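What follows is each chain in one-letter form.
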Amino acid sequence: RLDVPHLLLTGRTGLGKTRECIELFLRLSKQKNEEFTVLTPRDDFDRPSAHDIPPDFSPRNLILFIDDIQRLCPASRIKINKADLPARSFHDRLSSTIQWMNERFAGADLRVVLTSRDDPDLRERVRLDSADVWSEFSVIQLPGIHRDERQKFIRAIGEHYGLILERDALEY
């Protein structure tokens, strides 16, 4: 979906969520006929400080991309100047980062794209149903491939990329 500024893409492990996001970034760039700058924060990300981003960095089109958010959901302790900061939840860190980016890059086409595997307790861990940060996100779940269609799909990918597929891999 090219029309949403905040997107959470979910799906089964190995389904192609990351690849789908890269395809989305390429389509956005082609649609606007302009390049996008994609930022991928460190795992311990929090609201950036002035020294994190050069003062002359001012892209017109910017995507904050966080892949596999389920890895980052538990609160973490971040050490700065040997002092422990209070643990901040993923959704709090995400919210403050988005707010900072909106202020710092006002006027830019700013997108936030996240991926996550389907995880039964993910909604609870990231407070997907209650945290304010999620109110602006469109959540899209990629459908899985039916078991009967997997071999045909794998063969098609193999043919497309000129791969030789082992019989055992197809029967798995």
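Right above here is the structure, for reference.
Residues numbered from 1 in each chain as written. Predicted model: local features only at pLDDT ≥ 70, side-chain atom pairs only at ≥ 80, totals over all residues. Heavy atoms only, no water.

Strand order in the open sheet made by the five strands is E2-E3-E6-E1-E7, with parallel pairing throughout. Looking at which strands have only one partner, the edges of the open sheet turn out to be strand E2 (37–39) and strand E7 (138–141). Averaged over all pairs of adjacent strands, the angle between their axes in this sheet comes to 20°, without regard to strand direction. By the bridge criterion, six bridges tie strand E1 (residues 6–11) to strand E6 (residues 109–117) in an arrangement that is parallel. Within E6, the position partnered with His6 by the bridge is Val112. (Pairing = 2+ DSSP bridges. Helix = DSSP H or I, 4+ residues; strand = E, 2+ residues; numbered from the N terminus. Axes fitted to C-alpha atoms, helices over the stretch in contact; angles between N-to-C directions.)

Under the criterion given, the structure shown has five aromatic pairs. Ring centres of Phe25 and Phe65 lie 5.3 Å apart, and the angle between their planes is 85°; on these two criteria the pair is classed as edge-to-face. Of this pair, Phe25 sits in helix H1 (residues 17–32) while Phe65 sits in strand E3 (residues 61–66), placing them 40 residues apart in sequence. The class for Phe25 is buried, based on a relative accessible area of 10%. (Phe/Tyr/Trp six-rings, centres within 6.5 Å; stacked < 30°, edge-to-face > 60°. Buried < 20%, exposed > 50% of the residue type's maximum accessible area, 1.4 Å probe, protein only.)

Quick look at the nonpolar core now. Ile66, Phe90, Leu94, Leu114, Trp134 and Phe137 are the most contacted members of the largest nonpolar core, which has 25 residues in total. Of all elements in the fold, only E3, helix H2 (90–104) and E6 reach the threshold of two or more residues within this core. The element contributing the most residues to this core is H2, with five residues. If we skip the residues at most four places from it in the chain, Leu94 touches Phe45, Leu64, Ile66, Val112, Leu114, Val133, Trp134 and Phe137. One finds Leu7, Leu9, Phe36 and Val113 within the second-largest nonpolar core, a separate group that totals 13 residues. (Core = buried A, V, L, I, M, F, W, Y, C linked by side-chain atoms within 4.5 Å. Contact = heavy atoms within 4.5 Å.)

Once that is clear, we can look at the pattern of salt bridges. A pair can form between side chains of opposite charge whenever their charged atoms are brought close. In this structure the tally under the stated criterion is five salt bridges. One salt bridge in this structure joins Arg19 and Glu20, with 3.8 Å as the shortest N-O distance. The exposure class assigned to Arg19 is partly exposed, which follows from its relative accessible area of 44%. Of the residues examined, Glu20 reaches a relative accessible area of 26% and is grouped as partly exposed. In this structure, the salt-bridge partner of Arg111 is Asp109, at a minimum N-O distance of 2.8 Å. It is possible to trace a salt-bridge network through shared partners that takes in Arg19, Glu20 and Arg27. (Salt bridge = Lys/Arg side-chain N within 4 Å of Asp/Glu carboxyl O.)

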